[in-house]
There are 2 protein chains.
Amino acid sequence: MAEYYSRRNLEFLLTEVFDIEGVLKLGVYKKHDLDSIRMMLDAADQLAQNELHPYFKEMDQQEPRLEGGKVKVHPQVRSMMKKFGEGGWISASSGPAFGGMDLPIMISSAANYIFGAANFSASVFPQLSTGVARLIEHYGSDFLKHTYVPNLYNGAWQGTMAMTEPDAGSSLSDLKTKAVPINEENEIFRIKGQKIFISAGDHDGVGNVIHLVLARIQDAPEGTKGLSLFLVPQKMTNEEDKIVLNDIKTSGIYHKMGYKGTPIVHLSFGDEDRCYGYLLGEANQGLAQMFQMMNEARIGVGLSATAIASAAYYTSLNYAKERLQGRLPDEKDVSKPQVPIIKHADVKRMLLQQKAISEGSLSLLMNCARYADIIKGGGVESKEIYQLTLDLLTPVAKTFPSEYGVQCTANAIQIFGGAGYCKDFPVEQYYRDIKIHTLHEGTTGIHGLDLLGRKIIMGGGIAFRAFTEEVTKTIKKVKLEILELNKYGERLGDALFRLQNVTMRLSTMAMKEKKEVFMADATLYLELFGLVAVGWQWLLQAIPSQIAVNENRGDEFYESKLYTMRYYFEYELPKTESIITRLNSSDNLLVEVQDEHLI
Amino acid sequence: MAEYYSRRNLEFLLTEVFDIEGVLKLGVYKKHDLDSIRMMLDAADQLAQNELHPYFKEMDQQEPRLEGGKVKVHPQVRSMMKKFGEGGWISASSGPAFGGMDLPIMISSAANYIFGAANFSASVFPQLSTGVARLIEHYGSDFLKHTYVPNLYNGAWQGTMAMTEPDAGSSLSDLKTKAVPINEENEIFRIKGQKIFISAGDHDGVGNVIHLVLARIQDAPEGTKGLSLFLVPQKMTNEEDKIVLNDIKTSGIYHKMGYKGTPIVHLSFGDEDRCYGYLLGEANQGLAQMFQMMNEARIGVGLSATAIASAAYYTSLNYAKERLQGRLPDEKDVSKPQVPIIKHADVKRMLLQQKAISEGSLSLLMNCARYADIIKGGGVESKEIYQLTLDLLTPVAKTFPSEYGVQCTANAIQIFGGAGYCKDFPVEQYYRDIKIHTLHEGTTGIHGLDLLGRKIIMGGGIAFRAFTEEVTKTIKKVKLEILELNKYGERLGDALFRLQNVTMRLSTMAMKEKKEVFMADATLYLELFGLVAVGWQWLLQAIPSQIAVNENRGDEFYESKLYTMRYYFEYELPKTESIITRLNSSDNLLVEVQDEHLI
């Protein structure tokens, strides 16, 4: 039995909450059925158990190192990449052109969740390759597709995203890397610039590394409108069809607090003016193209954070069942044996918090994956609405599991007590590992700006309306059909109503005030949104659970879901109140306060 | 200029908020004046700058190691212990019998804060020795005092607390270490048992380690009533006055997530049945005696957490002033230069959060130290009331800075972005280091039980009433004298009123329900209490600041205080609302939910 995720919970979400069977009736997904899907999940489980989890601790302890200009990673990376390739995981959700299985995104997400729970650092390598290969499939010429996609999908080569530069991280409009065409067809360019924080940007677990680089063609417009996307391989063939090293130098490796199994490097492109790359897609459309990958990567971040939080939960749950300490408060007889700490109310609270956040987050991510599947599978008229809702939920699904997941891993440590602070147990590693997720693919603050400054107001608020309609539908369902849950439906309705009011207030302000004023509390707004969205997920999960109980099919699993839902509505959802109090305040102190007052 | 704390802020708290000059008129403190006190703070600053801060990173990277049964620490520890001894810091607040200066606790606390901000791991060694020496001074025979106290105070020897055992951490009533008298005078005992998580329990930076060990004399009562305190030196003199090694084995060293500079070890006492210790004080009074040290240690934990949070604040503040990234939301022209990130609203929010929590916590700790000084200095009739209030505030002053301090260091990382996750900057170390404070000297959960199950109800609620009177006094003061602050006084009054109601509700429940029911949400109650207590501290700090502004003495320092107070009341104090919602709920879910529902 895996100790880092629950297969039953995954099956529950897929079949009882999110109707995977309905998805399997759509378009390209018709080739699969529930049995074949389950065999894939069995295979993911095996890969995680055999190839990933055994190296979880070792990959943390034996950090990648830069030796003679080349990054050495844990030897397991090579074997694991091969297995990811052989198992079809890197191309799992891609089409058949290069051997993909057209697996529903719900299932590839479930698999990535299993991989991330087993060994987060290890799970990053193939996911990066997937994103890169898919962009090449979409925008690349036949030559590029045939040269690069197969080896990315079979795990022989590594894909990376190279965006950030020393002076341009959050502010992509300031990217400076240059591209100069070397032929008249504008296919091949000479690339020159510095890229930092490149995950898996160089390592000896693969034969080649394929970078997707954002750069500016000479004389292109300033800002993000002048960015183009280039495929820049570490090794490429020259005119004589010989394999030559491209001019890319790994000039540094980052030593990180956690997430140590994956090398993050600093790359110098074109130090000797002989770094070559292929333009991918249209010139000056690079950012939009890259964002196709970024949006998936952001959902992937939420999934990885959820996976780590799950692993921390199961680890601390097992410890809480075994560790004997103290007696219940009403037991005064010290000669009575000590009880397992799971019996202490505060330990139960910390376990329920972890369960509520990790399972609630996983539900939100599965909901997002379902939208993506419906969009891809076709068969619905309102495809655009699903796309807008997915766009709206992306910053939420990225940040909520990351920020609240940090608290989960903190609670896992608390359950272990002082032992949790020591390296004998994995919880301290989960605590270190998960923190990256509040930072990469856009910090939490950046996603607040994305949600409030872009997603909420886009199309006159159409996505926000679609979201509230979806939530309202769920609330109405319990009101009409499942009376036991109506109390919680009403609470969610109340929170949603207040979210709508705050949104209205802020949107009105957006028309009257400077952007700075209306956006000042964007991070709080994002948190509020996440609390409501995950409350919705708990109501969604409570429905089949309550029905099972009412039909006398209610085993501990369903009862556990209902308790966790109650926990969420009692302990987490009320956090919306404090945030709303602040968001309704007229004190614009964050705008008013100036540098000189920060001392 | 130190980059890890603010001297001006310390002086502000001492002189403008907490009337150190009034304290210097009391009893033993009359020998000091403001000038001599300031010279001591100068000396503390120098020691921190020269001996501690330069080794902050190195002591993290070069962990202590166990070699041939002996712990090796960073060589600086020896030099530093000598300096702590020479400077009089280990005995600073002790009386003159062994060279102590009778320094006000407010000042020794200020010094410990400076040391902790400069290098937390380093600051732990002398503080442990202080606590041990003080207990020996209090309970030891003349022989023990003269043999052990001078070498602890001069830094030649190390003191430790040895309480926790493998099966007894939070539950001290289950301690098993045994003591058997070897002479009829019941002075010397043979000690046998395992002690774990012993900070500075063995190292080569000192010549001897003096353990205070909680053990059970044979045939003593069960539970905490049968615990006695023993002085067990690593090296002692035998009958022939020769120095011999006691039978204490360092059987393991812990590898921790942070706080790496201090060795934490597993000690085996009496494996060969020849470990000897001296009874300290009365038999079976060990826990009460130890708690004299523990209560100070708990305040010390709060202070260390505050110190780390301060250091993280100043580090991220400096970065935010220098790092250029992006433009303000209303600036669309990407050809304009990037701005320092301190100009972004969300960065200001994260800086204000750190400032509000660290300076608010420091204020609370200074308030506690002031109470301790008044108790020690005498000259007031209501000494007992101060003691009760101090007892009440101890769990709050230990946990609030620790839990909210974690968020401060998380925000410091966010301000650095991905760079904050890397070891090039110290913020990731602050994030790792501070987490210990939610665990040692009682986890946060244990302190919740202490506050609600013991401190609130003691003496029929006398301490809680004294606390509310103190807060009310401050609220009344602003209402009558400083109209600009009245709005905030009213908000604090409102939060206090609701805290009182919840306390009443829980106290009533305590009489009717099982203890388990009334105590289930003790951790939330503790958080609520902390938010109100620190809100009070911000009002206390706002008073002299607003007066300075009104009298046209208002420089940036005072304006900064007023902005931070506003931040606290706008962003932090409203968190009380969510907690109160939960505490007023009648859903006893934490009691109701059983092991089988946690899956």
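Residues numbered from 1 in each chain as written. Chains lettered and ligands numbered in written order. Predicted model: local features only at pLDDT ≥ 70, side-chain atom pairs only at ≥ 80, totals over all residues. Heavy atoms only, no water.

Engineer: How should the overall build of chain A be read in this particular structure?
Structural biologist: When its secondary structure is counted, chain A shows 20 helices and 12 strands. Its C-alpha radius of gyration of 25 Å places chain A within 12% of the 25 Å reference for a compact globule of 599 residues. Intrachain contacts of chain A at a sequence separation of at least 6 include 75% that bridge at least 24 residues. For chain A, the exposed surface amounts to about 21,200 Å²; the carbon and sulfur share of it is 52%. Chain A carries 64 positive and 74 negative side-chain charges, and their two centres are separated by 2 Å. (Helix = DSSP H or I, 4+ residues; strand = E, 2+ residues; numbered from the N terminus. Rg over C-alpha atoms; globule rule 2.2 N^0.38 Å. Contact = heavy atoms within 4.5 Å. Areas by Shrake-Rupley, 256 points an atom, 1.4 Å probe, with all protein chains shown as cover. Lys, Arg positive; Asp, Glu negative; His and termini not counted. Charge placed at Lys NZ, Arg CZ, Asp CG, Glu CD.)

Engineer: Got a minute to help me understand the environment of Ala311 of chain B in this structure?
Structural biologist: All names here are of chain B. Within the secondary structure layout, Ala311 lies in helix α9 (residues 286–322). The class of Ala311 is buried, set by a relative accessible area of 0%. Sequence-wise, Ala311 and Ile107 are 204 residues apart; in three dimensions their C-alpha atoms are separated by 19 Å. Look past the residues within four positions of Ala311 in its chain and what remains in contact with it is Glu3, Tyr4, Ala117 and Tyr430. (Buried < 20%, exposed > 50% of the residue type's maximum accessible area, 1.4 Å probe, protein only.)

Engineer: Hey, could you run me through the interface of chain B and chain A in this one?
Structural biologist: Interface size is commonly expressed as the accessible surface area that is lost when the partners come together. Between chain B and chain A, the contact holds 101 residues from the first and 101 residues from the second. When chain B packs against chain A, the two sides together hide about 8,700 Å² of surface, and 57% of this comes from carbon and sulfur. Contact with chain A buries surface across chain B, with Tyr421, Leu598 and Ile599 of chain B losing the most and accounting together for 10% of the total. Remark: the boundary between chain B and chain A carries 10 salt bridges. With a closest N to O distance of 3.2 Å, Arg566 of chain A and Glu592 of chain B form a salt bridge. One can count 71 residue pairs in polar contact (both at pLDDT 80 or more) joining chain B with chain A. In terms of residue count, the dominant contributor to the side of chain B that touches chain A is helix α18 (residues 556–572) of chain B (nine residues). (Buried area = accessible area lost by both parts, 1.4 Å probe. Salt bridge = Lys/Arg side-chain N within 4 Å of Asp/Glu carboxyl O. Polar contact = N/O pair within 3.5 Å; in protein donor to acceptor, adjacent residues only side chain to side chain.)

Engineer: Which parts of the structure should I look at to understand the packing of aromatic side chains?
Structural biologist: Residues and elements named next belong to chain B. Under the counting rule described, the total for this entry stands at 55 aromatic pairs over all chains. Summarising the aromatic geometry, the rings of Phe197 and Tyr254 are spaced 4.7 Å apart at their centres and angled 35° between planes, so their arrangement reads as tilted. Note that Phe197 is positioned in strand β5 (residues 188–199) and Tyr254 in the loop between β10 (248–253) and β11 (264–269), a separation of 57 residues in sequence. Given a relative accessible area of 27%, Phe197 falls into the partly exposed group. Residue classification places Tyr254 among the buried residues on the basis of a relative accessible area of 13%. Ring geometry for Tyr371 against Tyr386: centres 5.1 Å apart, planes inclined by 55°, an arrangement best described as tilted. With a gap of 15 residues between them, Tyr371 in helix α10 (residues 345–377) and Tyr386 in helix α11 (residues 383–416) connect regions that are remote in the sequence. The burial state of Tyr371 is the same as that of Tyr386; both residues are buried. (Phe/Tyr/Trp six-rings, centres within 6.5 Å; stacked < 30°, edge-to-face > 60°.)

Engineer: Teacher, can you tell me more about the domain arrangement of chain A here?
Structural biologist: All names here are of chain A. In terms of domain boundaries, chain A breaks down into domain 1 (7–153), domain 2 (159–284) and domain 3 (444–592). Each partner contributes residues to the interface: domain 1 has seven residues there, and domain 3 has nine residues. For the pair domain 1 and domain 3, the summed buried area comes to about 700 Å², and 61% of that belongs to carbon and sulfur atoms. Ranking the residues of domain 1 by area buried against domain 3 places Arg8, Phe12 and Glu16 at the top, with a combined share of 65%. Across the contact surface, domain 1 and domain 3 share one salt bridge. At the boundary of domain 1 and domain 3, one finds three residue pairs in polar contact (both at pLDDT 80 or more). (Domains from an automatic or database assignment.)

Engineer: So what exactly am I meant to see when it comes to helix α8 (residues 142–153) of chain A here?
Structural biologist: Turn by turn, an α-helix covers 3.6 residues, leaving residues three or four places apart pointing in a common direction. All names here are of chain A. Here α8 is 12 residues long and its end C-alpha atoms lie 16 Å apart, about the 16 Å a rise of 1.5 Å per residue gives. Among all positions of α8, only Leu144, Lys145, Tyr148, Val149, Leu152 and Tyr153 are buried. The buried side chains of α8 occupy one side of the element, clustering within an arc of 120° when seen end-on. Directly after α8, the chain includes Gly155, whose backbone phi takes a positive value near 85°. (Expected span 1.5 Å × (residues − 1). Arc of directions from axis to C-beta.)

Engineer: Explain the UniProt feature "domain: Acetyl-CoA dehydrogenase-like C-terminal" (unreviewed entry) in chain A here, please?
Structural biologist: According to UniProt, the "domain: Acetyl-CoA dehydrogenase-like C-terminal" (unreviewed entry) feature falls on residues 467–593 of chain A. In residues 467–593 of chain A, the share of helix is 83% and the share of strand is 0%. The end C-alpha atoms are 35 Å apart. (UniProt positions renumbered as here; feature names shortened; annotations may be inferred.)

Engineer: Please explain the relation of the copies chain B and chain A as it appears in this structure.
Structural biologist: Relating one copy of the chain to the other requires a rotation about an axis plus a shift along that axis. If you rotate chain B by 180° and push it 0.0 Å along the axis, it lands on chain A with an RMSD of 0.0 Å. On the angle and the small slide along the axis, the relation comes out as a two-fold axis. Relative to the rotation axis, the C-alpha of Ser578 of chain B is the closest in chain B, positioned 3.0 Å from it. Mapped onto chain A, 100% of the interface residues of chain B are again interface residues, and the two copies thus contact each other with one and the same surface. (Least-squares fit on C-alpha atoms with pLDDT ≥ 70 in both.)

Engineer: Just checking my understanding: could you explain the packing of α11 of chain B against helix α17 (residues 522–550) of chain B for this structure?
Structural biologist: For any two helices packed against each other, the geometry is given by the interaxial angle and the distance between the axes. Residues and elements named next belong to chain B. Contact geometry of α11 with α17 gives a least axis separation of 9 Å together with a crossing angle of 90°. As summarised for this structure, α11 and α17 are arranged roughly perpendicular, according to the angle between their axes. Contacts between α11 and α17 involve Leu392, Leu393, Pro395, Val396, Thr399, Phe400 and Tyr404 from the former and Leu526, Glu527, Phe529, Gly530, Leu531, Ala533 and Val534 from the latter. Residues belonging to the contact of α11 with α17 are distributed by class as follows: 11 nonpolar, two polar and one charged. (Axes fitted to C-alpha atoms, helices over the stretch in contact; angles between N-to-C directions. Parallel < 35°, antiparallel > 145°, perpendicular 65-115°, else oblique. Nonpolar A, V, L, I, M, F, W, Y, C, P; charged D, E, K, R; others polar.)

Engineer: Honestly, the nonpolar core in this entry has me stumped. Any pointers?
Structural biologist: Note on soluble globular proteins: their nonpolar side chains tend to be buried together. Counting 429 residues, the largest nonpolar core has Tyr525 and Phe529 of chain A together with Tyr525 and Phe529 of chain B as the members making the most contacts within it. Per-element tally for this core: the top contributor is helix α9 (residues 286–322) of chain A, with 18 residues. Not counting the four nearest positions on each side in its chain, Tyr525 of chain B is found in contact with Leu451, Leu452, Ile456, Phe464, Leu499, Val502, Thr503, Leu506 and Leu583 of chain B. (Core = buried A, V, L, I, M, F, W, Y, C linked by side-chain atoms within 4.5 Å.)

Engineer: I'm lost on the pattern of salt bridges in this one. Help?
Structural biologist: Pairs may arise between side chains of opposite charge once their charged atoms sit close together. Scanning all chains against the criterion turns up 74 salt bridges over all chains. With its nearest N and O atoms 3.7 Å apart, the salt bridge here joins Lys336 of chain A to Glu331 of chain A. Taking relative accessible area as the criterion, Lys336 of chain A reaches 40% and is therefore assigned partly exposed. Judged by relative accessible area, Glu331 of chain A falls into the partly exposed class, the value being 30%. Residue Asp202 of chain B is joined to Lys70 of chain B by a salt bridge in which the shortest nitrogen-to-oxygen separation is 3.0 Å. You can see Asp202 of chain B sitting in the loop between β5 and β6 (208–217) and its partner Lys70 of chain B sitting in strand β2 (residues 70–72), a full 132 residues away along the chain. Of the residues examined, Asp202 of chain B reaches a relative accessible area of 1% and is grouped as buried. For Lys70 of chain B, a relative accessible area of 27% gives the class partly exposed. If you follow the salt bridges from partner to partner, you end up with Arg7, Glu11, Arg38 and Asp42 of chain A in one network.

Engineer: Would you explain the pairing of strand β12 (residues 276–280) of chain A in this entry?
Structural biologist: Remark: a regular strand shows side chains that alternate across the two faces of the sheet. All names here are of chain A. For β12, the tally of buried residues reaches four of five residues, placing the bulk of the element in the interior. Pairing between strand β7 (residues 227–233) and β12: three bridges, direction antiparallel. In the sheet register, Leu229 faces β12, and the bridge partner there is Leu280. (Pairing = 2+ DSSP bridges.)

Engineer: Explain the packing of helix α17 (residues 522–550) of chain A against helix α19 (residues 575–583) of chain A here, please?
Structural biologist: All names here are of chain A. Closest axis-to-axis distance for the α17/α19 pair is 10 Å, and the angle between their directions is 150°. With respect to the hand of their crossing, α17 and α19 are arranged in left-handed fashion. Where α17 abuts α19, its residues Leu524, Tyr525, Glu527, Leu528, Leu531 and Val532 lie against Lys575, Thr576, Ile579, Ile580, Arg582 and Leu583. Classifying every residue of the contact of α17 with α19 by side-chain character gives eight nonpolar, one polar and three charged. (Left-handed = near helix turned anticlockwise from the far one by under 90°.)

Engineer: Even after reading the chapter, I still don't get the side chain of Thr438 of chain A, so can you show me in this structure?
Structural biologist: Mapping Thr438 of chain A onto the fold places it in the loop between α12 (427–434) and α13 (444–455). Of the polar contacts made by the side chain of Thr438 of chain A, one reaches the side chain of Gln414 of chain B; its length is 2.4 Å. Excluding anything up to four places from it in sequence, Thr438 of chain A contacts Lys398, Ser402, Glu403, Val406, Thr443 and Thr444 of chain A together with Gln414 of chain B.

Engineer: Mind showing me how you'd approach α17 of chain A here?
Structural biologist: Residue and element names in this part refer to chain A. If you check α17, its first and last C-alpha atoms are 42 Å apart, about what 29 residues at 1.5 Å a residue would give, namely 42 Å. Residue Ala542 marks the point of greatest curvature in α17, where the axis turns by about 25°; the proline Pro544 follows within four residues. With respect to burial, α17 is a largely interior element, 25 of its 29 residues being buried. In the segment just after α17, Asn552 is the residue with positive phi, at about 60°. (Bend = angle between axes of the 7 residues up to and from the residue.)

Engineer: Got a minute to help me understand the pairing of β5 of chain B in this structure?
Structural biologist: Residues and elements named next belong to chain B. One ladder, built from four bridges, connects strand β4 (residues 178–181) with β5; its direction is antiparallel. Considered in β5, the bridge of Pro181 is made with Phe189. Following β4, the chain reverses through six residues before pairing antiparallel with β5; Asn186 in that reversal takes a positive phi of roughly 55°. Both β5 and strand β12 (residues 276–280) contribute to a ladder of three bridges, which runs antiparallel. Of the residues in β12, the one forming a bridge with Phe189 is Gly277. As defined by bridge partners, β5 adjoins β11 across five bridges and the pair is classed as antiparallel.

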